[in-house]
Amino acid sequence: MLEGAEVRLAVDIGGTFTDIVLDIGDHRRTRKVLTTPTQPEQAVLDGTRLILADAKARISDIDVFIHGTTLATNAIIERRGAKTALIATSGFRDVLDIGTESRYDQYDLSIDKPKPLVPRSLRFTVPERVDAHGDVRLPLDEAAVRALVPQLRALEVSSIAIAFLHAYANPAHERRAGEILAEELPGVSITLSSAVCPEIREYERTSTAVANAYVQPLMDSYLARMDQALRIEQFRGAIYLVTSGGGVTSIDTARRFPVRLVESGPAGGAIFAGQIAARLGERKVLSFDMGGTTAKICLIEDFEPESSRVFEVDRAARFLKGSGLPVRIPVIEMVEIGAGGGSIARIDAMKRVTVGPESASSEPGPACYGRGGQRPAVTDSDVALGMIDPDAFAGGTIKLDPELSKQALLRDVGAPLGLDAETAAYAVHEVVCENMASAARVHAVERGAIIGQHTLIAFGGAAPLHAARVAEKIGVARVIVPSNAGVGSAVGFLAAPIAYELVRSRHARLDDFDTALVSSLLQKMADEARALVEPGAAGAPVRERRAAFMRYVGQGHEISVELPNRALTAEDLPALRKTFEAGYAALFERAIPGAAIEVLSWSVLATTDARQPATVAEITRKPAGAASGHRKFFDGRAGRFVDIPLYRREQMAPGAVIAGPAVIAEDETSTFISNSFDAHIDGAGSIVMERKAA
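Trainee: Please explain the sheet that holds strand S27 (residues 559-563) as it appears in this structure.
Mentor: Note on sheets: strands pair through backbone hydrogen bonds, and any given pair is parallel or antiparallel. Pairing in this open sheet of 4 strands is antiparallel, and the strands run S25-S28-S26-S27 from one edge to the other. Strands with a single pairing partner mark the edges of an open sheet, and in this sheet they are strand S25 (499-509) and S27. Each neighbouring strand pair of the sheet contributes to a mean axis angle of 25°, computed without reference to strand direction. Bridging between S25 and strand S28 (residues 597-607) involves 9 bridges; their strand directions are antiparallel. Within S28, the position partnered with Val-503 by the bridge is Ser-603.

Here is the structure:
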């Protein structure tokens, strides 16, 4: 099987499980192992050894290793990053506190604003000033920069972010300050805002630079250890990291700009859902990725996830924009909430059942793991309801104890409300499904989509258990659970293109447009982006996508307008106006005739082509054979146990039809088919649930 075949390994580190996918030619193997929080690379190595042993292969056989992780995000959320200092322009010490001067909830007098990653005591300023055109108004005071060194050394700072006013227009002062500090403080990580986010908007640029500096020592150390450990095991292939925008980049680039990895795992899931949508011809899709710690919802139109240029980490309010720390990077647009298999259930002060965002993670895990966890998690509710086979969880590698689940549910949820353990489990299941349904509704409304017109694609270890109920709540009539759904994000990594996007701010008005200047800027950006992509492309074609972020003069936000991949001329300007006005009208119903238009920023994406999936032929449906067994399932609406059939997914042939309620079990996850749905296996091996006729 190995001879002549390309060997590709993908690893996704989640909060609870680390997922491993191994492709050898057309053959695929998967594994799930518990994440090792203190040394994440240990789970990577352990899982890799196990899956290679299954395939009778060695690490030295691997050609490509693709990795995604939530470590950067978790470090920010849990405040486990480096001790970081911020150096700003004199007078701008408090940019992180002032923010945009807006309130995410203007009527809440006791609002909790996002806590900056750098406290005021670690923020410093130096005299210098560059204006918005990049002209130097006050030279950098190099002596003032050097004078900070003893303070930074005494404070034992291990990372520094430098964010000067208008550095996106002229980065010379930031670069010189960085050179001085690197010379005086060897071993300290230094992040320049002009390198990580060369864009207008002072708060977002500073916040992004600080976030990069905050996680850089942690991620640099982790990636270096992992790289070294793989090389010791005789790994000779190429290592790539998945970025938040859905592409993969080199390990060197990831170590310089780890902030680009904050949503790498969820991005892989969106790629996976887009591939499934393309394979099945589903043009309107809602991807539903529920793992051990979080659930992610993403709208996918015409097989492509929607992208954005800003992402908020650690939101204080679940659905309110502005309540988190802004990170300005290319990112796949999605909503993420603390609702996963490990999310902890409890009773709040008003005697309501609440779930998450706190998670039991892998250590100690849900109560049923028997690893010391005492509080009930969502997985405990699924076990108590009879939806999970406790002897076959994670392919039988983790034995679950239903009695521990029931005890925890009864103690923390049932007893305070006068409910038995099974009814408490049903309450937890309903609440977490409603949380995810609410997130889906909000995301659809924000994007102007009608959610009931979409097909739900469910993946991740926990999503297939909850997808039918979420679909019932949001009015979706069709649910797809693909093959390898339990490790969907890792499978998505294998389809991701090698890509890198650069965004730079340079103001221009269409009525005073210097085509030569803009064309030169775009070409320099294209050359830089290609230089980061072509070494990993290994001769594969690299294409470009250029864009301008445009608005009417004086407005607050921009929309993206695609540009031709060549030097611009004066003849292109009427077409740019027309394209912008069409996009503006699509969002706001009408354009503003004759109004002046400006460009704030420019973007160049260099990318290889993503791997395209084969389409699926129609198959003849026929009743499934005899069930592998039966399970006692607690029907919360009826208030009693019912007997439902249990099928093994690997034993089901394409075309097999199953009537709900039923459970389809596999090594990576289990799919629950509710009474509202019938299901069949399609030509690609996906479970397709369709709403029963009323």
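Trainee: Looking at this structure, I do not really get unusual backbone geometry. What am I missing?
Mentor: For residues besides glycine, phi is generally negative; the peptide bonds are generally trans as well. Gly-660 connects to Pro-661 through a cis peptide bond whose omega is 5°. Along the polypeptide, Pro-661 turns up in the loop between strand S32 (656-659) and strand S33 (662-665). Positive phi is not limited to glycine here, since Glu-101 has a value of about 65°. In this structure, Glu-101 sits in the loop between helix H3 (95-98) and strand S6 (123-126). With relative accessibility at 71%, the residue Glu-101 sits in the exposed group. Of note, Asn-484 is a non-glycine position whose phi angle comes to about 60°, a positive value. Relative to the helices and strands, Asn-484 is located in the loop between strand S24 (478-481) and helix H15 (488-495).

Trainee: What is the right way to look at the side chain of His-454 in this model?
Mentor: Inspection of the secondary structure puts His-454 in the loop between helix H13 (421-446) and strand S23 (455-459). Its relative accessible area of 4% is what places His-454 among the buried residues. When near neighbours in sequence (up to four residues on either side) are disregarded, His-454 contacts Lys-284, Val-285, Leu-286, Leu-299, Glu-301, Ala-449 and Val-476.

Trainee: In this structure, what is going on with the pattern of salt bridges? I would like to understand it.
Mentor: Two side chains with opposite charge may pair up if their charged atoms get near one another. For the structure shown, the criterion picks out 54 salt bridges. When the shortest N-O distance is used, the salt bridge between Asp-54 and Arg-31 registers 3.0 Å. Here Arg-31 lies in strand S3 (residues 27-34) and Asp-54 lies in helix H1 (residues 40-54), a separation of 23 residues in the sequence. Between Arg-137 and Asp-131 there is a salt bridge, and its shortest N-O distance comes to 3.0 Å. Salt bridges linked by common partners bring Glu-199, Arg-201, Arg-309, Arg-328, Arg-551, Glu-558 and Glu-598 together as one network.

Trainee: Explain the packing of aromatic side chains here, please?
Mentor: Any aromatic ring pair is given by two values, namely how distant the centres are and how the planes are angled relative to each other. In total, this model carries 9 aromatic pairs according to the counting rule given. A ring pair is formed by Phe-513 and Trp-602, whose centres lie 6.1 Å apart and whose planes are at 65°; its orientation type is edge-to-face. Of this pair, Phe-513 sits in the loop between S25 and helix H16 (515-537) while Trp-602 sits in strand S28, placing them 89 residues apart in sequence. The pair formed by Phe-513 and Trp-602 is uniform in burial state, with each residue classed as buried. Aromatic side chains Phe-580 and Tyr-584 sit 5.8 Å apart centroid to centroid with 40° between the ring planes, which places their arrangement in the tilted category. Highlighted residues: Phe-580 and Tyr-584, both in helix H17 (residues 573-588), separated by 4 residues, approximately one helical turn. Given the relative accessible area of 1%, Phe-580 is considered buried. Members of the aromatic cluster, connected to one another through ring pairs, are Tyr-552, Phe-580, Tyr-584 and Phe-588.

Trainee: I'm lost on H1 in this one. Help?
Mentor: Since the α-helix advances by 3.6 residues per turn, residues separated by three or four positions end up pointing in the same direction. Across its 15 residues, H1 extends 22 Å between first and last C-alpha, which sits within 8% of the 21 Å expected from 1.5 Å per residue. Residues Pro-40, Glu-41, Ala-43, Val-44, Leu-45, Gly-47, Thr-48, Ile-51 and Leu-52 constitute the buried set of H1. Here the buried face of H1 lies against strand S1 (7-13), strand S2 (17-24), S3, strand S4 (64-69), helix H2 (71-77) and helix H8 (202-232).

Trainee: Would you take a moment to explain the sheet that holds strand S10 (residues 189-192) for this structure?
Mentor: Read across the open sheet, the 4 strands follow the order S6-S5-S9-S10; overall the sheet is parallel. Of all strands in the sheet, those with a lone pairing partner are S6 and S10, marking the two edges. The average undirected angle you get between the axes of adjacent strands in this sheet is 20°. Of the pairings in the sheet, the one linking strand S9 (residues 159-163) to S10 comprises 4 bridges and is parallel in character. Paired with Ile-162 across the strands is Leu-192, a residue of S10.

Trainee: Looking at this model, I keep getting lost on the nonpolar core. Mind explaining?
Mentor: The tendency in soluble globular proteins is for nonpolar side chains to be buried as a group. Formed by 218 residues in total, the largest nonpolar core has its most connected members in Leu-152, Ile-160, Phe-288 and Trp-602. Top element by residues in this core is H8. It accounts for 13 residues. If we skip the residues at most four places from it in the chain, Ile-160 touches Ala-85, Ile-87, Leu-152, Leu-181, Leu-185, Val-188, Ser-189, Ile-190, Thr-191 and Ala-213.

Trainee: When you look at the environment of Val-663 in this model, what are you seeing that I'm missing?
Mentor: Secondary-structure assignment places Val-663 in strand S33. The class for Val-663 is buried, based on a relative accessible area of 1%. Taking the C-alpha atoms as reference points, Val-663 and Ile-644, 19 residues apart in sequence, are found 7.4 Å from one another.

Trainee: Help me understand the pairing of strand S13 (residues 284-290), please; the structure alone is not making it clear to me.
Mentor: Within a regular strand, side chains alternate between the sheet's two faces. Most of S13 sits inside the fold, with 6 of its 7 residues counted as buried. Where S13 lies against strand S14 (residues 295-301), 7 bridges are found, and the strand directions are antiparallel. Note that in S14 the partner of Val-285 across the bridge is Ile-300. Following S13, the chain reverses through 4 residues before pairing antiparallel with S14. Sheet topology places S13 next to S23; 5 bridges connect them, and they run parallel. Paired with Asp-289 across the two strands is Phe-459, which belongs to S23.

Trainee: Can you walk me through H13 in this structure?
Mentor: In a regular helix each residue adds 1.5 Å, so 26 residues correspond to 38 Å; H13 covers 38 Å between its end C-alpha atoms and thus fits that length. Of all 26 residues making up H13, 19 are buried, and the element is well covered by its neighbours. Its side-chain oxygen 3.3 Å from the backbone nitrogen of Glu-422, Asp-420 forms the N-cap of H13. In the stretch just after H13, Gly-448 is the one whose phi turns positive, near 70°.

Trainee: Quick question: what am I supposed to make of the environment of Ala-471 here?
Mentor: Tracing the backbone through its elements, the reader meets Ala-471 in helix H14 (residues 463-474). By relative accessible area, Ala-471 is classed as buried at 0%. Separated by 31 residues in the primary sequence, Ala-471 and Ala-440 have C-alpha atoms spaced 10.0 Å apart. Non-local contacts of Ala-471, meaning those with residues more than four positions away in its chain, are made with Leu-456, Val-476, Val-479, Phe-677 and Arg-691.

Trainee: I would appreciate a short explanation of the pairing of strand S22 (residues 353-359) in the present structure.
Mentor: In terms of burial, S22 is a largely internal element, 5 of the 7 residues being buried. As judged from the 4 bridges shared by strand S21 (residues 343-347) and S22, these two strands associate in the antiparallel manner. Paired with Arg-346 across the two strands is Thr-354, which belongs to S22.

Trainee: It is not clear to me how the packing of H13 against H14 should be interpreted in this structure. Could you clarify?
Mentor: When two helices pack together, you describe them by how their axes are tilted relative to each other and by the distance separating the axes. Direction vectors running N to C along H13 and H14 enclose 60°, while the axes themselves pass 9 Å from each other. The angle between H13 and H14 falls in the class oblique. Helix-helix and strand crossings are classified by hand; for H13 and H14 the assignment is right-handed. In this structure, H13 uses His-429, Glu-430, Val-432, Cys-433, Glu-434, Met-436, Ala-437, Ala-440 and Arg-441 to contact H14, whose residues at the interface are Leu-465, His-466, Arg-469, Val-470, Lys-473 and Ile-474. Residue classes in the contact of H13 with H14 are distributed as 8 nonpolar, 2 polar and 5 charged.

What counts, and at which threshold
- Residues numbered from 1 in each chain as written.
- Predicted model: local features only at pLDDT ≥ 70, side-chain atom pairs only at ≥ 80, totals over all residues.
- Heavy atoms only, no water.
- Pairing = 2+ DSSP bridges.
- Helix = DSSP H or I, 4+ residues; strand = E, 2+ residues; numbered from the N terminus.
- Axes fitted to C-alpha atoms, helices over the stretch in contact; angles between N-to-C directions.
- Buried < 20%, exposed > 50% of the residue type's maximum accessible area, 1.4 Å probe, protein only.
- Contact = heavy atoms within 4.5 Å.
- Salt bridge = Lys/Arg side-chain N within 4 Å of Asp/Glu carboxyl O.
- Phe/Tyr/Trp six-rings, centres within 6.5 Å; stacked < 30°, edge-to-face > 60°.
- Expected span 1.5 Å × (residues − 1).
- Core = buried A, V, L, I, M, F, W, Y, C linked by side-chain atoms within 4.5 Å.
- Polar contact = N/O pair within 3.5 Å; in protein donor to acceptor, adjacent residues only side chain to side chain.
- Parallel < 35°, antiparallel > 145°, perpendicular 65-115°, else oblique.
- Left-handed = near helix turned anticlockwise from the far one by under 90°.
- Nonpolar A, V, L, I, M, F, W, Y, C, P; charged D, E, K, R; others polar.

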